[in-house]
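Working through the structure, step by step
What follows is each chain in one-letter form.
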Amino acid sequence: MTTSLPVSVRVRPIRHEDNAAIANVIRHVSAEFGLTADKGYTVADPNLDHLFETYSQPRCAYWVVELDGVVAGGGGVAPLSGAESDLCELQKMYFMPALRGQGLAKRLALQAIEHARQQGFARCYLETTASLTQAIALYERLGFHHIDCALGNTGHVDCEVTMLKYL
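Structural notes, computed from the coordinates. Every value quoted in this text rests on a predicted model; they were computed, and no experiment measured them.

Along the chain, the position of Glu-84 falls in the loop between strand E3 (70–79) and strand E4 (87–95). Within the local environment of Glu-84, its side chain forms a polar contact with the side chain of Arg-123, the two groups lying 3.2 Å apart.

So this is what it looks like as structure tokens:
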């Protein structure tokens, strides 16, 4: 006999006490997809263990997704380092397997894009890798277009997929 149990999913702004949990999610998902620090992926980000502080800066926002009270994903937006002031970056969109396929990445990306608009950004950039085909398909459905070169100064040297959306 199979019994379904109610599942509680909540999206909320990051808090200081979420730093370790969301860093662990990012490390876990990165390892799952072979996104290693030596290639410049997010796991090499020196701020990975301090995302609350990073996203507490002006024009930034980061949200965590809780599954039954446990942080199991997240994503955010911030000004693109080394770029014009009207350009932001969709950043650190990571979800544990239990959250995938439920529309949460779309919901979170739309929330981040709306925040970016409210902060006066005119364009949103992102970088990813070709192996993340489901993420790329989502970004395309959200109106991101592939561009030929990296923008700004992200330090993600192996993110060969670069995309841009006009807000």
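The rest of the description comes next.
Looking now at the nonpolar core. Core analysis: the largest hydrophobic core is formed by 28 residues, its most contacted members being Leu-90 and Phe-144. Put simply, the parts of the chain that give this core at least two residues each are strand E2 (61–67), E3, E4, helix H3 (104–118), strand E5 (123–128), helix H4 (133–141) and strand E7 (161–166). When residues of this core are assigned to their parent elements, the largest contribution, six residues, is made by H3. Not counting the four nearest positions on each side in its chain, Leu-90 is found in contact with Gly-76, Val-77, Ala-109, Ala-112, Cys-124, Tyr-125, Leu-126, Tyr-139 and Phe-144. Counting 15 residues, the second-largest nonpolar core is a separate cluster that includes Ile-26, Leu-48, Tyr-55 and Cys-60.

Below, the discussion takes up the packing of aromatic side chains. For any pair of aromatic rings, the description rests on two quantities: the centre-to-centre distance and the angle between the ring planes. Within this structure, the stated rule accounts for two aromatic pairs. Between Tyr-139 and Phe-144, the ring centres sit 5.9 Å apart and the planes meet at 65°, which makes this aromatic pair edge-to-face. There is no split in this pair, since Tyr-139 and Phe-144 are both buried. For the cation-ring pair, Arg-59 lies above Phe-121, with the distance from its terminal atom to the ring centre recorded as 3.7 Å.

Conventions and cut-offs
- Residues numbered from 1 in each chain as written.
- Predicted model: local features only at pLDDT ≥ 70, side-chain atom pairs only at ≥ 80, totals over all residues.
- Heavy atoms only, no water.
- Helix = DSSP H or I, 4+ residues; strand = E, 2+ residues; numbered from the N terminus.
- Polar contact = N/O pair within 3.5 Å; in protein donor to acceptor, adjacent residues only side chain to side chain.
- Core = buried A, V, L, I, M, F, W, Y, C linked by side-chain atoms within 4.5 Å.
- Buried < 20%, exposed > 50% of the residue type's maximum accessible area, 1.4 Å probe, protein only.
- Contact = heavy atoms within 4.5 Å.
- Phe/Tyr/Trp six-rings, centres within 6.5 Å; stacked < 30°, edge-to-face > 60°.
- Lys NZ or Arg CZ within 6 Å of the ring centre and 35° of its normal.

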